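Residue-level listing of the chains:
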Amino acid sequence: MINNRKVIGVCVTKVQYRSESTYLTHLNAAAKKLGYKLMIFNSVADSANSFDEGARSVYSIINHDIVDVLVVLSSTFSVKEIEKAIIAKAHAHGTPVILIDSESEGCYSIVKRYGSALKAVINHIIRDHGVTDTFFMAGKRTND
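On a predicted model such as this, the values are computed, not experimentally measured, just so you know.

Caption draft 1: Molecular detail of the pattern of salt bridges. The full count for this structure, using the stated rule, is one salt bridge. Here Lys 80 and Glu 83 are joined by a salt bridge, their closest N and O atoms 3.2 Å apart. Remark: Glu 83 and Lys 80 occur in helix α3 (residues 80-92); sequence separation between them is three residues, near one turn of the helix. Since its relative accessible area comes to 6%, Glu 83 is described here as buried.

Caption draft 2: The nonpolar core, seen in detail. Residues Cys 11, Tyr 59, Leu 70, Val 72, Phe 77, Ile 86 and Val 97 are the most contacted members of the largest nonpolar core, which totals 18 residues. Listing elements by their share of this core, those giving two or more residues are β1 (7-13), β3 (69-73), α3 and β4 (97-100). Leaving out residues up to four positions away in the same chain, Ile 86 has contacts with Cys 11, Tyr 59, Leu 70, Val 72 and Phe 77. Among the nonpolar cores identified, the runner-up in size contains 11 residues, and Val 12, Leu 38, Val 71 and Ile 100 belong to it.

Calculation criteria
Residues numbered from 1 in each chain as written. Predicted model: local features only at pLDDT ≥ 70, side-chain atom pairs only at ≥ 80, totals over all residues. Heavy atoms only, no water. Salt bridge = Lys/Arg side-chain N within 4 Å of Asp/Glu carboxyl O. Helix = DSSP H or I, 4+ residues; strand = E, 2+ residues; numbered from the N terminus. Buried < 20%, exposed > 50% of the residue type's maximum accessible area, 1.4 Å probe, protein only. Core = buried A, V, L, I, M, F, W, Y, C linked by side-chain atoms within 4.5 Å. Contact = heavy atoms within 4.5 Å.

Read these as spatial facts, not as claims about activity.
Written out as structure tokens, the structure is:
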């Protein structure tokens, strides 16, 4: 808490990308309406490359004495060990963790489930439009 305002820490990588910056813009607007402050912890790189170690060190400076909850944008982390270390440190300090797009024991999770919506669309195309020769190509399993 800072100046009697609760603090939401957000761990993200590559905030310079449009999808991440747009998400943070909306999260900040919602947090402000509720009287919260955001504290962003961003690394421009999160590879296992030793040259990126300095960039990743931003997550080690999270002050759990002032962060009331930690939000982790899981889909932005390509190295899951970094995410696991962030979660472990938060748990050690008793800081609640909210994961976006993943699940982990002891964390709250917000996960998009597209399966049922996609199934309904395909059923509609087949049943209502009579399409019998379908073709569907999906991207990477972890990509929206």
